[in-house]
There are 2 protein chains.
Amino acid sequence: MNAPITIPATMRAVVMNAPGDVSVETVETPRVVKPTDVVIQLAAACVCGSDLWPYRGLEGSFEEPRRMGHEYVGTVVEKGAEVATLDLGDFVIGSFMLSDGTCEICRDGYPSRCVNAGEYTGSQAEYMRVELADGSLVKVPGGRPDDPDRLADYLAASDVLGTGWYAAVAAQAGPGRTIAVVGDGAVGLCAVLAATSLGAERVIAFSRHEDRAALAREFGADVVIAERGEEGAQKVKELTGGYGAHGVCEAVGTQGSMDQALASVRPGGHVGFVGVSHDQTINGLDLFFREVHLEGGPAPVRRFLPELIELIRSGEIQPGKVFTQRVPLEQAAEAYAAMNERREIKVLLEV
Amino acid sequence: MNAPITIPATMRAVVMNAPGDVSVETVETPRVVKPTDVVIQLAAACVCGSDLWPYRGLEGSFEEPRRMGHEYVGTVVEKGAEVATLDLGDFVIGSFMLSDGTCEICRDGYPSRCVNAGEYTGSQAEYMRVELADGSLVKVPGGRPDDPDRLADYLAASDVLGTGWYAAVAAQAGPGRTIAVVGDGAVGLCAVLAATSLGAERVIAFSRHEDRAALAREFGADVVIAERGEEGAQKVKELTGGYGAHGVCEAVGTQGSMDQALASVRPGGHVGFVGVSHDQTINGLDLFFREVHLEGGPAPVRRFLPELIELIRSGEIQPGKVFTQRVPLEQAAEAYAAMNERREIKVLLEV
C-alpha cells in the first residue's frame, strides 16, 4: 500500500553537551531493533519546560552528551515484524512515556507507569526509534495535516495538552465546577483549555504575565488573578462563595505552587498535580485537615490521545497556540535559550 | 407522643485532669441552648485512640480539666424549637464532627468539614448537648436495641466503623480489587470489615498481634501479613502479581504507616488515610512518581451513617466486636489505662 521509504544512514539531532550548551549534530539514524519497534520520521518536535532543568544544571551531572526531546509527531517509516496496528506511512502521535497497553496498570488507565515501559531515542531529531509501538502510538486519521497550525496542535497533544488534560481530569473538571489553574506555562495554559473543554462552569487562571494571561483567556479562563499565596487563595475563595475551588490544577512543581493549590481548593475537592516535583514536601497534618483528593504524576497521555486527536481534527481546540515561536531544528540552541529566558511560552522545532 | 422526660440538674461525666489522670465528676447537666440543639441521654460511649494523645501528654498543655468523648449513641431527651427531624425519645447516632447538612461541603459529602461545624459537650457522660441536631444525628429505626451487642455495633458506627468505612471508600474498595489495610487498631479492623462489605475481592491486613489478626480474619481479611516496611510492601506485591494493592487504607497516622501505604499501592491506585496525622511528611517527588490517588482526613461519618445503620440492623455486620471490654462509666479511668497499655482493642463505657 505504501511505497518503500529510504532511510538515510545519518541524520541531524539535538544534543545537550553540558548545561547551557545545546548543539545539533550528525548521528547515526536509529533503526528498528525489537520486533515491537517502529522508526518514525519526525514532522515536528519541541522543547519542554522539563528540558530546562538539565539546561540550567539542576538535574545531575553530564557524564556524556545527552540526546534530547520527548514530544513528537511523525510518520512511520520502518516497523518491526510484530507491530500490528500501524502501517508504514501512518502519521502518529506518541507521548513521553511508552507503554505496552496490556499490563494491568495500562489497562487501568495509567500507561505512564506501565510496568514494561519502553524507550525512545530522543525526538529533537529527524528520526526516532519508538519501542512498544502498538501500545504507545496513536494514528491520526487522515494522515499528516498540510496546515502547519494543525500540525502544531497535534504536537501539543504529545505532552503539554495531554499533561494539562490529566491535571484537569484529576481535578475533576466538569459541569458545575470551578477549576483554578496554578501555573501559566504551556501545561498550565493547556489545563485551562482542558478544564474548559471538559465543561467546567468557571476557570480561574493564576498569571502575572499579560501574554500568558491573554492566551489563558483565549483558552477559556473566565478570571485571571495576579495575587499569589494567601492573597491568591483568598481571591479564589471570594469567587467561590467562601468555599474554595472544586478542583485545582497544579502545573509547576514547586513548593509554592503546591501550597497555592492546596490553599485554593475546598474540603472534599480535587488537586491534580502534574508539574514535575522539585523539592516539594507536603505536611501530613495539613493535608489531613484540608481533606482533599490529591492525584498526580507523569501524565497518562496515551489514555487521552484518541479523544484529543478528535477534538483537534474537528477544530474544537487549538492547543498549538502555546507555540509562540517556530524555528528549524538546526536552530535548537536558540529555542532553548528563548524558553530558558522565558521570552517564549513554547518553541516548536520544524524538522 | 412521648411522655415528658425529667432531666436531672447534675450528672456524672469523665474529666481528664492532666495527662494520665482521668476521673469521673459530678457536673451540671447540659441543656438546649440554641434552637437547633438537642440533648441526648447517652446509652453508651467509649474511649478513642485519639483520646490517648492527650492522655499521654502528647497534645498541648492542660490549662484546665477537659471533658472527654466524641462517640455516642443515645436518646433525645430535649430538643430546640427548630429541630425538625427528631423527636423526644428517638434513639440516635452522631459522629465526632457536627454538620449543618446544608452547606456546599456537606452536600458534596464532606460533613466532617462543614463550614458551620457545631459543638458538643463530651460524650463520656450521662447527657450531652449536640448542636445542629438535624444535620448531625441519624435516627435508628426501631429505637434503642435491647441487645447490648447490637448497641455496641451502633456505637462503633459513630466513629471507628464510619472512619474505617471512609478509608475503604477512599481506597476504592470494591469488586475485583485487592485492598490492604495498614493498622490493626479498631479503625483498621473496621476498614477490613468495610472493604469486605464493599465487595473487595481480597483484603490484606497488616498485623503482628494474634488477637487483632484473629478479629481481622473474622471481619473478612483473606491474608494477614506480619512483615513491615519494604518487606511488607514486597509481600503485598507478591500477592498482587507484582503490581501492588489497588487500594490501601492507612489507619494509624504515623510516618511509618503512611510510607507503608504508599509503598504497598500500585500506580494509579488509591490510598485512603484516616489515622490522625502525627509528624508525617510526604515527599512530592516520591508521590509524583508513585502516581497514586490520596484522600483522607477526618472521616465524613455522617455521610455513611444511614447505610451503616441498615447494615447493622440487618445483622450483616457486627462492628461492635472491636469492643473487647465493657465497663461502667464510673470506671473510665480503667478504660483509659487498658487502652493506653494496649491490653484492649477498644473499651465501651456503659452509661
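Residues numbered from 1 in each chain as written. Chains lettered and ligands numbered in written order. Predicted model: local features only at pLDDT ≥ 70, side-chain atom pairs only at ≥ 80, totals over all residues. Heavy atoms only, no water.

### Concerning the overall build of chain A
Scanning chain A for helices and strands turns up 12 helices and 17 strands. Expected size for 351 residues packed as a compact globule is a radius of gyration near 20 Å; at 20 Å, chain A falls within 12% of this value. Referenced to the eigenvectors of the C-alpha coordinate spread, the extents of chain A come out at roughly 65 × 40 × 40 Å. In chain A, which comprises 351 residues, the proportion classed as buried is 59%. For chain A, the proportion of contacts with a sequence separation of at least 24, taken over those separated by at least 6, is 68%. For chain A, the exposed surface amounts to about 13100 Å²; the carbon and sulfur share of it is 47%. Positive and negative side-chain charges of chain A, numbering 31 and 49 respectively, have mean locations separated by a distance of 3 Å. (Helix = DSSP H or I, 4+ residues; strand = E, 2+ residues; numbered from the N terminus. Rg over C-alpha atoms; globule rule 2.2 N^0.38 Å. Buried < 20%, exposed > 50% of the residue type's maximum accessible area, 1.4 Å probe, protein only. Contact = heavy atoms within 4.5 Å. Areas by Shrake-Rupley, 256 points an atom, 1.4 Å probe, with all protein chains shown as cover. Lys, Arg positive; Asp, Glu negative; His and termini not counted. Charge placed at Lys NZ, Arg CZ, Asp CG, Glu CD.)

### Some remarks on the domain arrangement of chain A
Residue and element names in this part refer to chain A. Splitting chain A by domain gives domain 1 (10-159 + 301-350) and domain 2 (161-296). Here the C-alpha centre of domain 2 lies 26 Å away from the C-alpha centre of domain 1. Across the contact, 23 residues belong to domain 1 and 21 residues belong to domain 2. Summed over both sides, the interface of domain 1 with domain 2 buries roughly 1800 Å², with 66% coming from carbon and sulfur. Considering only the side of domain 1, the residues that lose the most area to domain 2 are Phe304, Arg342 and Ile345, jointly responsible for 30% of the buried surface there. (Domains from an automatic or database assignment. Buried area = accessible area lost by both parts, 1.4 Å probe.)

### Description of the packing of aromatic side chains
Evaluation of the coordinates by the stated rule reveals 12 aromatic pairs over all chains. An angle of 50 degrees between the planes, with centres 6.4 Å apart, marks the rings of A:Phe273 and B:Phe288 as tilted. One end of the pair, A:Phe273, is in strand S13 (residues 265-273); the other, B:Phe288, is in helix H10 (residues 284-290), on a second chain. Here a set of aromatic residues connected by ring pairs shows up, and it is made of A:Phe273, B:Phe288 and B:Phe289. (Phe/Tyr/Trp six-rings, centres within 6.5 Å; stacked < 30°, edge-to-face > 60°.)

### Concerning the pattern of salt bridges
Residues and elements named next belong to chain B. A complete count under the given rule lists 38 salt bridges over all chains for this structure. As a salt-bridge pair, Asp153 and Arg150 come within 3.8 Å of each other at their nearest N and O atoms. A residue pair is termed a helical-turn pair when its members lie 3 or 4 positions apart in one helix, as Asp153 and Arg150 do in helix H4 (residues 148-157) at three residues. The salt bridge involving Arg290 is made with Asp286; its shortest N-O contact spans 3.0 Å. Of the two residues, Arg290 and Asp286 are both situated in helix H10; the distance of four residues between them amounts to about one turn of the helix. (Salt bridge = Lys/Arg side-chain N within 4 Å of Asp/Glu carboxyl O.)

### A short note on the nonpolar core
One finds B:Val73, B:Ile93, B:Tyr154, B:Leu161, B:Cys249, B:Val322 and B:Phe323 to be the most contacted residues of the largest nonpolar core, which totals 65 residues. Here the element with the most residues in this core is helix H6 (residues 186-197) of chain B; it accounts for nine residues. Two domains each provide a minimum of three residues to this core, namely domain 1 (10-159 + 300-350) and domain 2 (161-296) of chain B. In this structure B:Ile93 touches B:Tyr72, B:Val73, B:Ser136, B:Leu137, B:Val138, B:Val140, B:Tyr154, B:Ala157, B:Ser158, B:Leu305 and B:Ile309, once residues within four positions along its chain are discounted. Membership of the second largest hydrophobic core comes to 64 residues, among which are A:Val138, A:Cys190, A:Ala251 and A:Ile309. (Core = buried A, V, L, I, M, F, W, Y, C linked by side-chain atoms within 4.5 Å.)

### Some remarks on a nonpolar patch on the surface
A grouping of A:Leu285, A:Phe289 and B:Val276 is seen on the molecular surface, where their side chains present a nonpolar patch of about 230 Å² in accessible area. In this fold, A:Leu285 is placed in helix H10 (residues 284-290). A:Leu285 gets classed as partly exposed once you look at its relative accessible area, which sits at 38%. (Patch = residues over 30% accessible without salt bridge, like charges linked within 9 Å, V, L, I, M, F, W, Y side chains within 5 Å.)

### Remarks on the sheet that holds strand S11 (residues 223-225) of chain B
What the 12 strands build is an open sheet, ordered S11(A)-S10(A)-S9(A)-S12(A)-S13(A)-S15(A)-S15(B)-S13(B)-S12(B)-S9(B)-S10(B)-S11(B); its pairing is mixed. Two strands bound the open sheet, and with one partner strand each, they are strand S11 (223-225) of chain A together with S11 of chain B. Strand-to-strand twist of the sheet, defined as the mean angle between neighbouring strand axes without regard to direction, takes the value 20 degrees. With four bridges joining them, strand S9 (residues 178-182) of chain A and strand S10 (residues 202-206) of chain A adopt parallel strand pairing. Across the sheet, A:Ile179 pairs through a bridge with A:Val203, a residue of S10(A). (Pairing = 2+ DSSP bridges. Axes fitted to C-alpha atoms, helices over the stretch in contact; angles between N-to-C directions.)

### Re the UniProt feature "domain: Enoyl reductase (ER)" (unreviewed entry) in chain A
Under the feature "domain: Enoyl reductase (ER)" (unreviewed entry), the UniProt entry names residues 20-349 of chain A. Here residues 20-349 of chain A is 31% helix and 25% strand, with 18 Å between the C-alpha atoms at its ends. (UniProt positions renumbered as here; feature names shortened; annotations may be inferred.)

### Quick notes on the relation of the copies chain B and chain A
Aligned on chain A, chain B shows an RMSD of 0.0 Å; the corresponding rotation is 180 degrees and the shift along the axis is 0.0 Å. The relationship between the two copies is best expressed as a two-fold rotation axis. Take the interface residues of chain B: 100% of them recur as interface residues in chain A, which is what a same-surface contact looks like. (Least-squares fit on C-alpha atoms with pLDDT ≥ 70 in both.)

### Some points on the side chain of A:Gln260
Residue and element names in this part refer to chain A. Turning to its location among the elements, Gln260 is positioned in helix H9 (residues 255-264). Residue Gln260 is classed as buried on the basis of its relative accessible area, which comes to 6%. In this structure Gln260 touches Val182, Phe206, Arg228, Gly229, Gly232 and Ala233, once residues within four positions along its chain are discounted.

### Here's the deal with the environment of B:Gln124
All names here are of chain B. Following the sequence through the fold, Gln124 ends up in the loop between helix H2 (104-107) and strand S7 (127-130). Classification of Gln124 as buried rests on a relative accessible area of 0%. Linking Gln124 and Arg67, residues 57 residues apart in sequence, is a C-alpha distance of 7.8 Å. Setting aside its immediate chain neighbours within four residues, Gln124 contacts Ala13, Val14, Ala45, Cys46, Val47, Asp51, Met68, Gly69, Leu329, Tyr336 and Leu349. A distance of 3.2 Å separates a polar atom in the side chain of Gln124 from a polar atom in the side chain of Asp51. (Polar contact = N/O pair within 3.5 Å; in protein donor to acceptor, adjacent residues only side chain to side chain.)

### Here we look at the pairing of strand S10 (residues 202-206) of chain B
The side chains of a regular strand alternate, residue by residue, between the two faces of the sheet. All names here are of chain B. Of all five residues making up S10, four are buried, and the element is well covered by its neighbours. The parallel pair strand S9 (residues 178-182) and S10, bridged by H6, forms a crossover whose chirality is right-handed. With helix H7 (residues 210-218) bridging S10 and its parallel neighbour S11, the resulting β-α-β unit is right-handed. (Right-handed = clockwise from strand over helix to strand, strands pointing away.)

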